[in-house]
Amino acid sequence: MKTPPSSNNLKPAMPTSQSGENTPLWQPSRQRMQHSHLNHFMVMLSERHRVLFHNYQQLHHWSVTHADAFWRAVWDFNGVIGEQGDVIRCAGPAKWGDFCASRDTLWFPNATLNFAQNLLRHAPPPQREQAMIADSESGHPSYTSNDDNKTDKAISKANEENNSTDNRAAIISVNETQQPQTLSWQELTDQVSCLQQWLVQCGVTKGDVVAGYLPNTAHAVIAMLATTSLGAIWTSAPPEFGIAAVCERFGQVKPKVVFACAHYQFNGKQYSMAEKNAAVLASLPCVTHVCMIDNAASLTPSSRNSRSSHTCHDWYVTLSQFAPDQIRYCVMGFNDPLYMLYSSGTTGQPKCIVHSVGGTLLNHLKEHRLHCDIHRGDRVFYYTTCGWMMWNWLVSTLASGATLVLYDGHPFYPQGDSLWQMAETLNISLFGTSAKYLEQLEARGIAPINRFQLPDLRSVCSTGSVLNPSQFDYVYRAIKPDVHLASISGGTDICGCFVLGNPLSPVYRGECQGAALGMDVAVHSRGTRAADSTEYTDSGSNTDNDSNTGSGDNTDSGDSKAVNDEGNNKRGELICRNSFPNQPLGFWHDNGEKYHHAYWQSVNGVWSHGDEVMKTRHQGFVFFGRSDATLNPGGVRIGTAEIYRIVNQLAEVIDCVAAAKKTASDEAVILFVQLAPNLPLTTDLQHTICQQLKQQASPRHVPAAIYAVSDIPRTYSGKISELAVKAVINGEEVKNTHALVNAQVLREYTVAQSPSSDH
């Protein structure tokens, strides 16, 4: 890697760890490492703080033990447009009970910025010499001065970068017709400007909620940008969500304006939204205006014929009524609300999770540029819907100057390899998907490497569920040998990742590469205190020498509590022991009690995420499934993912789910399998399943009973609902069937309630 100038007297941030014995599946080339944003970031830190990093683990250790300096550097390196303020973090008010540093620390308490402005920073320069800003107190427009301040410098730098880029693609939308529609940066800002003017006319101001009941098209991105430019809060749900699921979500946050679509297409079929829209809007008396989108039409307003309606506004007619003008950006506090996301709702009414303006932006810039190495002009795709946090994650790549590639439709329609045809045609550089998609690709015998040229593809990201070791093999064998495969994991709770990839470290089979920068992620074993293996305990105050003053001796001695490797290769629950800027502000209309109990109560006041994991000798992580779905027959803990990766490899099995059934003195593992069409669950197949589990895992993994079902219950985000299955087979009530896309299938699972299944 590039060596920083004047490196004399620089000391290592921590001792260099020894590599593991097994061979990595992929290693970045020296050239790739040198040109990565992460390498340049390390050079900047070396020059600023006189510390030398030899690898990612050393950087991660420093980012946790020098959190203030790290997050300030993330802001500076990414050129965030806004005022940073003179305090990086301080003790905030206790969200519940006594003050807890890891929960109640307040980041950048005096900083101001606007989310949409930072996402549109790579758009053409303003037509006026001054950027119009809405004052955060009065809401009236005011103008930035030409004083030599950080905001002006950031705007000027962005404008210099954007010369002659008016026609460069900002968003490329693709649906099942495989006909891409492109919006240039100029067209994007023009439409955001027009829609912002309409929202102002509707009376939308800072703190109001605006909702989108929309498919994954450019309309949703434009509506979000117009909303957040005014300081309003954006929330969304995809059209496949049922009426009850949407009402449970939007009914809690009471949006003033709703964007909806007339219909959507999935798997080759058109679905009218008339009935759903009418029912949802009837349940929301808070809504004053509705903007309806016919998403089959072109994004170009002139190509859409107007239609009148006394109940709602037409998207294209609305845009045509305003001339593009300078966008007004409302000044927001770093910790003001930006997004409302929702928990799955499988244990009750979905929790409305509030995410902040600054925390979301800063963390996404960190993950995109430092971890995923997204560069200006890259084309970034993630298969997602507007109801999954990966949509929010994806759209933030605009802040890096990347082109968004949005796909609306079934991933295997019209052909099984349609998404890879799109990747080749559009020169996609980052392809994001789920582990289940990769599993299905392999099961269908699809090998993109045999049909498509993917020279621009540098990264494949997978999330949503555990990426099994065999799927690592599949990616490097059937997609591309020289690609950075990043298995990432985090969640809606933080709108980001706890563990993910990085462009400097090797990729090992079955492992997420490592903990996210700035996050003190650890494995908590039962019966131990969370601090027993803590690398750093967050004080909630400014501890770095240069946290506020920008002066002082910043040389790292290299001995500030070395990483404790004693817990490596031991299983437990994933926890995060320090505070970080993208922690949620809390739950909507919660006094702090539910928020505290959701994350902070179970493990000594540190964030407990609910994943069963193991940390490896490479400082990577292996995931076994959700902690609350962990099986425990005979006192031996088994992650459900351990069973799925073996059973789902069988040609006869499409998918499966396992759950624990209570017995008199123990619990029994019950397995349900979704088989290939017209295939019966024979005695021979049951024997094969049991033998494979016994040979590849252990006798403890062998289920007490196996049943065939027509489908596996899933949430609207596509995740298996093991808790619903567990409730059914134990004769308990499923608390919220509205959270499931196919709740009716649970009737088939009652067969396991019989005592005969306990053998």
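Note that the coordinates shown come from a computational prediction; the quantities given were computed from them, not determined experimentally. (Residues numbered from 1 in each chain as written. Predicted model: local features only at pLDDT ≥ 70, side-chain atom pairs only at ≥ 80, totals over all residues. Heavy atoms only, no water.)

(A) Spotlight on the packing of helix α19 (residues 640-647) against helix α20 (residues 683-696). Where α19 contacts α20, the two axes come as close as 10 Å, and the packing angle between them is 120 degrees. By the angle between their directions, the pair α19 and α20 is classed as oblique. Both α19 and α20 take part in a crossing whose hand is right-handed. Contacts between α19 and α20 pair Ile643, Arg645, Ile646 and Val647 from the former with Ile689, Gln692, Leu693 and Gln696 from the latter. Looking at the contact of α19 with α20 residue by residue, the classes come out as five nonpolar, two polar and one charged. (Axes fitted to C-alpha atoms, helices over the stretch in contact; angles between N-to-C directions. Helix = DSSP H or I, 4+ residues; strand = E, 2+ residues; numbered from the N terminus. Parallel < 35°, antiparallel > 145°, perpendicular 65-115°, else oblique. Left-handed = near helix turned anticlockwise from the far one by under 90°. Contact = heavy atoms within 4.5 Å. Nonpolar A, V, L, I, M, F, W, Y, C, P; charged D, E, K, R; others polar.)

(B) Seen up close, the pairing of strand β35 (residues 653-662). The buried count for β35 comes to eight of 10 residues, which makes it a mostly enclosed element. Where β35 meets strand β36 (residues 667-675), nine bridges bridge the pair, whose relative direction is antiparallel. In the strand pairing of β36, alanine 658 is matched with leucine 671. (Buried < 20%, exposed > 50% of the residue type's maximum accessible area, 1.4 Å probe, protein only. Pairing = 2+ DSSP bridges.)

(C) Layout of the nonpolar core. If you look at the biggest cluster of nonpolar residues, it comprises 149 residues, and the most contacted ones within it are Phe41, Leu188, Leu225, Phe259 and Trp315. Those residues within four positions of tryptophan 315 in sequence are excluded, and the remaining contacts are Gln191, Leu195, His219, Ile222, Ala223, Phe259, Cys291, Met292 and Ile293. Of all hydrophobic cores here, the second largest spans 40 residues; its members include Ile670, Ala705, Val725 and Val734. (Core = buried A, V, L, I, M, F, W, Y, C linked by side-chain atoms within 4.5 Å.)

(D) Local environment of the pattern of salt bridges. Summed over all chains, the structure comprises 16 salt bridges. Residues aspartate 76 and arginine 48 are paired through a salt bridge, measuring 3.0 Å at the closest nitrogen-oxygen approach. Highlighted residues: aspartate 76 in helix α4 (residues 67-77) and arginine 48 in helix α2 (residues 37-49), separated in sequence by 28 residues. With relative accessibility at 32%, the residue aspartate 76 sits in the partly exposed group. Note that arginine 571 is salt-bridged to glutamate 612, the shortest N-O span being 3.7 Å. Of the two residues, arginine 571 sits in strand β31 (residues 571-576) while glutamate 612 sits in strand β33 (residues 607-615), which places them 41 residues apart along the sequence. By relative accessible area, which is 25% here, arginine 571 ends up partly exposed. Three or more residues are tied together by salt bridges with common partners; here these are Lys436, Glu439, Asp655 and Arg714. (Salt bridge = Lys/Arg side-chain N within 4 Å of Asp/Glu carboxyl O.)

(E) Seen up close, the sheet that holds strand β28 (residues 496-500). The antiparallel open sheet is built from three strands, whose spatial order is β27-β28-β29. Edge positions in the sheet fall to β27 (489-491) and β29 (514-515), since each has one partner strand and no second. By the bridge criterion, two bridges tie β28 to β29 in an arrangement that is antiparallel. Its bridge partner being in β29, valine 499 is matched across the sheet by alanine 515.

(F) Seen up close, the environment of serine 63. Position of serine 63 relative to the elements: it lies in helix α3 (residues 56-65). On the accessibility criterion, serine 63 (0% relative accessible area) is buried. Separated by 10 residues in the primary sequence, serine 63 and alanine 73 place their C-alpha atoms 10.0 Å from one another. Not counting chain neighbours up to four residues away, the residues in contact with serine 63 comprise Phe70, Leu517 and Gly518.

(G) Seen up close, the packing of aromatic side chains. Per the counting criterion, the structure on display carries 32 aromatic pairs. When the centroid spacing of 6.3 Å and the interplanar angle of 65 degrees are considered together, the rings of tryptophan 71 and tryptophan 107 count as edge-to-face. Taken as a pair, tryptophan 71 in helix α4 and tryptophan 107 in strand β5 (residues 105-107) lie far apart in primary sequence, 36 residues in all. One exposure class covers both tryptophan 71 and tryptophan 107, and it is buried. A ring pair is formed by tyrosine 382 and tryptophan 388, whose centres lie 6.5 Å apart and whose planes are at 80 degrees; its orientation type is edge-to-face. Tryptophan 388 shares its class with tyrosine 382; the two are buried. Feature note: the residues Phe498, Phe580, Phe587, Tyr595, Tyr599, Trp600 and Trp607 constitute an aromatic cluster, connected by ring pairs. Positioned above the aromatic ring of phenylalanine 412 is the side chain of arginine 444, whose terminal nitrogen or guanidinium carbon lies 3.9 Å from the ring centre. Here the guanidinium or amino end of arginine 571 rests over the ring plane of phenylalanine 624, the centre of that ring lying 3.8 Å away. (Phe/Tyr/Trp six-rings, centres within 6.5 Å; stacked < 30°, edge-to-face > 60°. Lys NZ or Arg CZ within 6 Å of the ring centre and 35° of its normal.)

(H) Region of interest: the side chain of asparagine 216. Here asparagine 216 shows up in the loop between β11 (209-213) and α9 (218-229). Of the polar contacts made by the side chain of asparagine 216, one reaches the backbone oxygen of threonine 384; its length is 3.5 Å. At a separation of 3.3 Å, a polar atom in the side chain of asparagine 216 contacts the side chain of tryptophan 391. Those residues in contact with asparagine 216 that sit more than four places away from it in its chain are Thr384, Cys386, Trp391, Leu406, Tyr407 and Asp408. (Polar contact = N/O pair within 3.5 Å; in protein donor to acceptor, adjacent residues only side chain to side chain.)

(I) Examining the confidence of the model for the protein chain more closely. On average, residues of the protein chain carry a pLDDT of 85, and 83% of them reach 70 or more. When the criterion is pLDDT under 50, residues 532-566 qualifies, and its contacts beyond four places in sequence or with other chains add up to 91 contacts. (pLDDT = per-residue confidence, 0-100.)

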